[in-house]
Amino acid sequence: MRLRPWFYNTLYRLKMAPWDKEVRPVLVELVETGRLDPTEIRAAVDLGCGTGAEVVYLAAQGFQRVDGVDFSPVAIRQARARAKAAGVGDRCGFHRADLTAATVPGLAPGYDLVCDFGALNDTVGEARLAVAALITRLCKPGGRALLWAFQGDKAELPAAARMAPMIAPGEEKELFGETFDIEYLPTRPRTAMLLMTRRQS
Ligand SMILES: C[S@@+](CC[C@H](N)C(=O)[O-])C[C@H]1O[C@@H](n2cnc3c(N)ncnc32)[C@H](O)[C@@H]1O
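Criteria and cut-off values
Residues numbered from 1 in each chain as written. Predicted model: local features only at pLDDT ≥ 70, side-chain atom pairs only at ≥ 80, totals over all residues. Heavy atoms only, no water. Phe/Tyr/Trp six-rings, centres within 6.5 Å; stacked < 30°, edge-to-face > 60°. Buried < 20%, exposed > 50% of the residue type's maximum accessible area, 1.4 Å probe, protein only. Lys NZ or Arg CZ within 6 Å of the ring centre and 35° of its normal. Salt bridge = Lys/Arg side-chain N within 4 Å of Asp/Glu carboxyl O. Helix = DSSP H or I, 4+ residues; strand = E, 2+ residues; numbered from the N terminus. Core = buried A, V, L, I, M, F, W, Y, C linked by side-chain atoms within 4.5 Å. Near = heavy atom within 4 Å. Polar contact = N/O pair within 3.5 Å; in protein donor to acceptor, adjacent residues only side chain to side chain. Areas by Shrake-Rupley, 256 points an atom, 1.4 Å probe, with all protein chains shown as cover. Nonpolar A, V, L, I, M, F, W, Y, C, P; charged D, E, K, R; others polar. Pairing = 2+ DSSP bridges. Axes fitted to C-alpha atoms, helices over the stretch in contact; angles between N-to-C directions. Contact = heavy atoms within 4.5 Å.

Peer 1: Help me understand the packing of aromatic side chains in this model?
Peer 2: The description of an aromatic ring pair uses the distance of the two centres, along with the angle that the planes make with each other. Scanning the model with the defined rule gives eight aromatic pairs in all. Ring centres 4.8 Å apart and planes at 70° place the aromatic pair tryptophan 148 and phenylalanine 150 in the edge-to-face group. By relative accessible area, phenylalanine 150 is classed as partly exposed at 37%. Taken together, Trp6, Phe7, Tyr8, Tyr12, Trp19 and Phe71 form an aromatic cluster joined through their ring pairs. The cationic tip of arginine 24 hangs over the ring face of tryptophan 148; the distance from NZ or CZ to the ring centre is 5.1 Å.

Peer 1: Sorry if this is basic, but what is going on with the pattern of salt bridges here?
Peer 2: If charged atoms from side chains of opposite charge come close, those side chains can pair. In this structure the tally under the stated criterion is six salt bridges. Arginine 82 is the partner of aspartate 20 in a salt bridge, and the nearest nitrogen-oxygen pair spans 3.9 Å. Residue aspartate 20 is found in the loop between helix H1 (5–13) and helix H2 (25–32), and its partner arginine 82 is found in helix H4 (residues 73–85); the two are separated by 62 residues along the sequence. Overall, the relative accessible area of 32% leaves arginine 82 in the partly exposed class.

Peer 1: How do you make sense of the nonpolar core when you look at a structure like this?
Peer 2: A general trend in soluble globular proteins is that nonpolar side chains are found buried together. Residues Leu27, Leu36, Leu58, Phe94, Phe117 and Leu146 are the most contacted members of the largest nonpolar core, which totals 29 residues. For this core, the secondary-structure elements that each account for two or more residues are H2, helix H3 (53–60), H4, strand S3 (92–96), strand S4 (111–117), strand S5 (139–150) and strand S7 (191–198). Considering every element that reaches this core, the biggest residue donor is H3, with five residues. Grouped together as the second largest cluster of nonpolar side chains are 28 residues, Leu47, Tyr111, Val114 and Cys139 included.

Peer 1: How should I be thinking about the site of the ligand in this particular structure?
Peer 2: Tyr12, Arg24, Gly48, Asp70 and Leu99 are the nearest of the 18 residues found near the ligand. Arginine 24 has a polar side-chain atom sitting 2.8 Å from an oxygen atom of the ligand. Interatomic distance of 2.9 Å between a side-chain N/O atom of aspartate 98 and a nitrogen atom of the ligand. Taking 590 Å² as the accessible area of the ligand by itself, protein coverage stands at 96%. Residues that form the shell around the ligand fall into these classes: eight nonpolar, five polar and five charged.

Peer 1: Hey, could you run me through the sheet that holds S3 in this one?
Peer 2: Spatially, the seven strands line up as an open sheet ordered S3-S2-S1-S4-S5-S7-S6, and their pairing is mixed. Of all strands in the sheet, those bounded by a partner on one side alone are S3 and strand S6 (180–184). Within the sheet, the average angular offset between the axes of one strand and its neighbour, ignoring direction, is 15°. In this structure, S5 lies alongside S7, joined through seven bridges in antiparallel fashion. The residue bridging leucine 147 from the neighbouring strand is leucine 194, located in S7. Sitting on the sheet, H2 is in contact with S4, S5 and S7, with an inclination near 155° to S4. Across the sheet, H4 is in contact with strand S2 (65–70) and S3; its angle to S3 comes to roughly 170°.

Peer 1: Whenever I open this one, the side chain of threonine 123 confuses me. Can you help?
Peer 2: Of note, threonine 123 is situated in the loop between S4 and helix H5 (125–138). Accessibility expressed as a relative area gives 5% for threonine 123, which makes it buried. Contact partners of threonine 123, with chain neighbours within four places excluded, come to Thr100, Arg128, Val131 and Pro165.

Peer 1: Is there a simple way to think about unusual backbone geometry in this case?
Peer 2: What is expected of a backbone is that most residues other than glycine have negative phi and most peptide bonds are trans. Backbone geometry at lysine 15 places phi at a positive 55°, although glycine is not the residue there. Assignment of secondary structure puts lysine 15 in the loop between H1 and H2. The backbone phi angle of arginine 190 is positive, close to 60°, even though this residue is not glycine. Summarising the element assignment, arginine 190 is placed in the loop between S6 and S7. Assessed through its relative accessible area of 45%, arginine 190 is described here as partly exposed.

Printed below as a string of structure tokens:
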């Protein structure tokens, strides 16, 4: 099942998106421990940024330029308002676009940090390959990609949960192993939290 913008628009409009609560703790931890350092990371992008909590957090921490992309216009509107309210609107760029499209307006290769908390996860088949290729294309050599997804063997899930997109065990190596070194960060069961470093060549 592919989750379309109207589904997300409705959740964001009603303020009922269950994930839309706080800045992802893993991101806060990586910044606070200095593993993601605003003096080294000039440009970051969050793919599937939702209402922009992570984008605004990074900008407020001193990251110079932070972009966010989402195909939900409601999310993008709320993200822009959040950035303005936080006083970092001038360093945040929000773009309404489909990450599975051949081109994604507003984005160009060369990011030091590419985040994706749940967008790749929402895709299947060709669309997933397109998002994985976009992550690879946007991240500069030596840059980082921070990726969260549900991960597991669908056969082990209850029948009602098998419709949900997720990545298969080991799929991250097929999608990113040729280009990135992959570090597995601690996370909840049936999820993957990957900090990937793009090799220089
Ligand atoms: C699970 S939500 C996570 C939102 C945000 N990253 C967070 O952690 O709060 C996934 C987000 O990805 C967006 N999304 C899913 N597929 C997308 C696509 N093909 N193009 C653009 N955005 C997409 C949805 O609109 C939604 O905001």
